[in-house]
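Coordinates in review
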2 protein chains.
Amino acid sequence: MSTFAIDNIGLLVTNDPELGEGPLGVLRDVSLVLDGDRVAAVAGAGAQADARLDAGGRCVIPGFVDSHTHLVFAGDRAEEFAARMAGAPYAAGGIRSTVTATRAASIGELTALARSRRREALRAGITHVEVKSGYALDVDGERRLCEVAAGLTGDVTFLGGHLVAPEYQDRPDDYVALVCGEMLAACAPSARWIDVFCERGAFDADQSRTILTAGRGAGLGLRVHANQLGEGPGVQLAVELGAASADHCTHLSDADVEALAGSGTVATLLPATDFCTRQPYPDARRLLDAGATIALATNCNPGSSYTTAIGFCIALGVRELRMTAEEALQAATLGGAQALWRDDLGRLTPGSRADAAVLSAPSYTHIVYRPGVPLVAATIRAGQLEWLDPEGGLV
Amino acid sequence: MSTFAIDNIGLLVTNDPELGEGPLGVLRDVSLVLDGDRVAAVAGAGAQADARLDAGGRCVIPGFVDSHTHLVFAGDRAEEFAARMAGAPYAAGGIRSTVTATRAASIGELTALARSRRREALRAGITHVEVKSGYALDVDGERRLCEVAAGLTGDVTFLGGHLVAPEYQDRPDDYVALVCGEMLAACAPSARWIDVFCERGAFDADQSRTILTAGRGAGLGLRVHANQLGEGPGVQLAVELGAASADHCTHLSDADVEALAGSGTVATLLPATDFCTRQPYPDARRLLDAGATIALATNCNPGSSYTTAIGFCIALGVRELRMTAEEALQAATLGGAQALWRDDLGRLTPGSRADAAVLSAPSYTHIVYRPGVPLVAATIRAGQLEWLDPEGGLV
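Residues numbered from 1 in each chain as written. Chains lettered and ligands numbered in written order. Predicted model: local features only at pLDDT ≥ 70, side-chain atom pairs only at ≥ 80, totals over all residues. Heavy atoms only, no water.

What about the packing of aromatic side chains?
- One pass over the full model with this rule turns up 17 aromatic pairs over all chains.
- With 6.2 Å between their ring centres and 75 degrees between their planes, F312 of chain A and F312 of chain B make a pair best called edge-to-face. Of the two residues, F312 of chain A is situated in helix α11 (residues 310-319) and F312 of chain B in helix α11 (residues 310-319); the pairing between them involves two chains.
- With a centroid separation of 5.1 Å and 85 degrees between ring planes, the pair formed by F275 of chain B and F312 of chain B is classed as edge-to-face. Here the residue F275 of chain B occupies a position in helix α9 (residues 271-277), and F312 of chain B occupies one in helix α11, the gap between them amounting to 37 residues. Neither residue differs from the other here; F275 of chain B and F312 of chain B are each classed as buried.
- Here the aromatic residues F73, F81, Y135 and Y306 of chain A together with Y369 of chain B are joined through ring pairs into a cluster of three or more.
- Here the basic side chain of R223 of chain A rests over the ring of W193 of chain A, its NZ or CZ set 4.5 Å away from the ring centre.
- The ring of Y306 of chain A carries the charged tip of R370 of chain B above its face, separated from the ring centre by 3.7 Å. (Phe/Tyr/Trp six-rings, centres within 6.5 Å; stacked < 30°, edge-to-face > 60°. Helix = DSSP H or I, 4+ residues; strand = E, 2+ residues; numbered from the N terminus. Buried < 20%, exposed > 50% of the residue type's maximum accessible area, 1.4 Å probe, protein only. Lys NZ or Arg CZ within 6 Å of the ring centre and 35° of its normal.)

This is the structure:
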């Protein structure tokens, strides 16, 4: 194993309060030493290493963990988007047009498209992604999507329960049976998680419970798309079943907030979606003040949030969701890792996976202070330098 | 002069309705031929050229014209920003901390900082910038800022009237006299425009009129920072004096809207500022429906909008200011040119300056549809390829 040092870090976010200052565990003027794919140590200047990168006083943060994406799809929905911006309402049904395009695409096309989006995310500093299926809604197609996703990440989520397949429109319970039977059996080998879109227009509480319970029986962890378009049963169901995450959480009752705060279920907020659908934003402050754990993720998908810009999501988290820059940064790193039950990610502490982003800035505050500006000068994933901005001034 | 062709353009925005479809003058599947620093022709495939770039079906738009920036400054105000996000109000006075840092910087430092920001803007597709002085507020310092700005653009704006200099805090009229006298004389040779911050806490209507009139006397065109923090006299003054642009326009009375609509004064909207200061957004729809001309610009500055991300401003224009994607794109290209009285910029028509951006997307809608994602694969300025994303797939 070879060692790699990032020297001359002006501000290092470790996300470990025992290692540094404040909840972010901040250290100043240090080096970070990586050994193979792991963090070896935080050290002073001059630590031994086989290769080195001079951060030139810049800020280094844990790589972003994007715990909610739909990276595997074909087609785009720019026209639906433009119509929505002109006043058309957002509804779950738009998913169908992506299903048509995705079913028609070859596995080679889907793989190339997903890899290109994954590359874009890497340039945004995202070192780990969760990737969902859900745009085929038939047995072979969903298996294919899970397999393509498995080429990108260990955190694949089977989302046959994204919408009732068009062929089953008049007999949704038969579709639920298909998802829980043959489709789950085909997808479970390449998936770690199961998710369901528990929302008016998609699946109701009973259907969602049936799907999640079947997934758990197949050894998958649980995630729920919950309370995006209105209050509903999703959050309570997620908490009751011990889901890792309830995602969206835009419309919450006091009981929902209490349930999340009293549970191990992470509230995953997806503010770029609310931006792109002209929905109100979730109130992160209310959740944080109640004691809930929050993740921020991109929800990269062609319908409601076609972005890999996690920095933009963090800026929205501060401007619109009433988080501090510290809370928003932590939600997009450690929070994402918690939403995926990954204790090796989202922090820069000895033994963690060596995933880091070097910012073109002296502080993480600049992610919010400089909205829209691509600020990632370098991305290191599992100890490998995966992205280096040729003009970033790093040597 | 050598010719340069951009081939295989899937969608070309010319901003000339006589050249193509709709208000954007859109053409499909064409080549754009550049001759030296000018647009020569829009042509079919196979046009003769000395060098070529294959756009691979991507969308090509006129380079963005950022008609309101403060690129020349030292220091940053990330801490003030974080405090504001935590609830502190925005006020004009924060400018003083940038004045202190800027006065202390050498001309070499200021030049390097400004060039680095100009480079960042170029990567965002901005091919022309207006640049203001205003962070020295003394004679030699303002002259120095105008000279540094003149190294970046022909559209330099003298903004001695940014704030009353600290040395003159108790005698603002003496400061106005200095601005109109010795300072103007020192700055006018390198400036094309004069601007004043007409706002409570900065300069009132009489002081603003005095400054603008003096600038006009020195041969400068007029611009006004107007109606940012509340209703006030700025917009009416701008229209009355025939200013090229009234900038901000967040708080407008019906009379202000009518005045702008009935004038040649462009309303320059700066939505990233409203994002960063938690101000309400201006209502572009109201202005457009009344018949006013709108520019969208970044207002890149360390206090209220430290961004070069014009794409982010366009996305805000659609999400928050109620513009269509077409209106927002045009406001950030042709609108910016109009706000600078430049008829050679903001369009891709024969004879215009050869300024274009190749998007990593099939349509300009993606600037809004993919918020926060850096979508500029290549920037051409005055016929020169100034930025080429090494992973953009362009050959």
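Quick word on the layout of surface pockets
- The computed volume of the second largest pocket comes to approximately 380 Å³.
- Taken together, 20 residues line the second largest pocket, and the ones lying closest to its centre are E326 and T365 of chain A together with A78, E79 and A82 of chain B.
- Take the lining of the second largest pocket: its biggest share by element is five residues, from helix α1 (residues 78-85) of chain B.
- Class assignment for the residues of the lining of the second largest pocket results in ten nonpolar, four polar and six charged. (1 Å grid on protein atoms, 1.4 Å probe; cavity = no way out; pocket = protein on both sides within 12 Å on 5 of 7 lines; lining within 4 Å. Points joined across faces, edges and corners; volume = space filled by probe spheres on them. Nonpolar A, V, L, I, M, F, W, Y, C, P; charged D, E, K, R; others polar.)

Section: the domain arrangement of chain A
Residue and element names in this part refer to chain A.
- Partitioning chain A into structural domains gives domain 1 (3-62 + 347-388) and domain 2 (65-339).
- A separation of 29 Å is found between the C-alpha centroids of domain 1 and domain 2.
- Taken residue by residue, the interface counts 21 residues in domain 1 and 18 residues in domain 2.
- Taken over both partners, the interface formed by domain 1 and domain 2 buries close to 1700 Å², and the fraction arising from carbon and sulfur atoms is 66%.
- For the domain 1 face of the interface with domain 2, the top three residues by lost area are I367, V368 and W387, together amounting to 28%.
- Scanning the region where domain 1 abuts domain 2 turns up zero salt bridges. (Domains from an automatic or database assignment. Contact = heavy atoms within 4.5 Å. Buried area = accessible area lost by both parts, 1.4 Å probe. Salt bridge = Lys/Arg side-chain N within 4 Å of Asp/Glu carboxyl O.)

Here we look at helix α6 (residues 205-217) of chain A
Residue and element names in this part refer to chain A.
- Helix length check: α6 (13 residues) gives 18 Å between terminal C-alpha atoms against 18 Å at 1.5 Å per residue, within 8%.
- Taken residue by residue, α6 has Q207, S208, I211, L212, A214 and G215 as its buried positions. Buried positions in α6, seen along its axis, are confined to an arc of 160 degrees and lie on one side of it. Those residues of α6 that are exposed and aimed more than 90 degrees away from the buried face are D206 and G217.
- Turning to α6, the residues buried within the fold contact β8 (155-161), α5 (172-187), β9 (193-198), β10 (221-226) and α7 (234-240).
- Two or three places before D206, at the start of α6, stands the capping residue D204, its side-chain oxygen 3.1 Å from that residue's backbone nitrogen. (Expected span 1.5 Å × (residues − 1). Arc of directions from axis to C-beta. Polar contact = N/O pair within 3.5 Å; in protein donor to acceptor, adjacent residues only side chain to side chain.)

Things to note about the nonpolar core
- If you look at the biggest cluster of nonpolar residues, it comprises 219 residues, and the most contacted ones within it are I61, Y175 and Y364 of chain A together with I61, Y175 and Y364 of chain B.
- Sequence-distant contacts of Y364 of chain B, that is, excluding residues within four places in its chain, are made with L11, V13, L24, V26, C59, I61, E326, L329 and L359 of chain B. (Core = buried A, V, L, I, M, F, W, Y, C linked by side-chain atoms within 4.5 Å.)

Things to note about the interface of chain B and chain A
- Each partner contributes to the interface: chain B provides 40 residues, whereas chain A provides 40 residues.
- Both sides of the chain B and chain A interface together cover about 3600 Å² of buried area, and 57% of this is carbon and sulfur.
- On the chain B side of the contact with chain A, F275, R319 and Y369 of chain B bury the most area, a combined 23% of that side's loss.
- For the pair chain B and chain A, the number of links is eight salt bridges.
- Two residues, R370 of chain A and E120 of chain B, come together in a salt bridge whose shortest N-O distance is 2.8 Å.
- Put simply, chain B and chain A have 28 residue pairs in polar contact (both at pLDDT 80 or more) between them.
- Only α1, α3 (107-123), α9, α11 and α14 (366-369) of chain B provide two or more residues apiece to the side of chain B that touches chain A.
- The leading source of residues in the side of chain B that touches chain A is α11 of chain B, at five residues.
- Each residue belonging to the side of chain B that touches chain A can be placed in one class, and the counts come to 22 nonpolar, six polar and twelve charged.

Things to note about the pairing of strand β15 (residues 376-381) of chain B
Residues and elements named next belong to chain B.
- With five of its six residues buried, β15 lies for the most part within the structure.
- With four bridges joining them, β15 and strand β16 (residues 384-388) adopt antiparallel strand pairing. Bridging from a neighbouring strand, R381 pairs with Q384 of β16. (Pairing = 2+ DSSP bridges.)

Quick notes on the pattern of salt bridges
- The tally for this structure, following the rule as stated, stands at 52 salt bridges over all chains.
- R209 of chain B is the partner of E240 of chain B in a salt bridge, and the nearest nitrogen-oxygen pair spans 2.6 Å. Here E240 of chain B is found in helix α7 (residues 234-240), whereas its partner R209 of chain B is found in helix α6 (residues 205-217), with 31 residues between them in sequence.
- Measuring nitrogen to oxygen at the nearest pair gives 3.4 Å for the salt bridge that ties E320 of chain B to R319 of chain B. Side by side, E320 of chain B and R319 of chain B carry an identical accessibility label, which is buried.
- One salt-bridge network, held together by shared partners, links R119 and R123 of chain A together with D389 and E391 of chain B.

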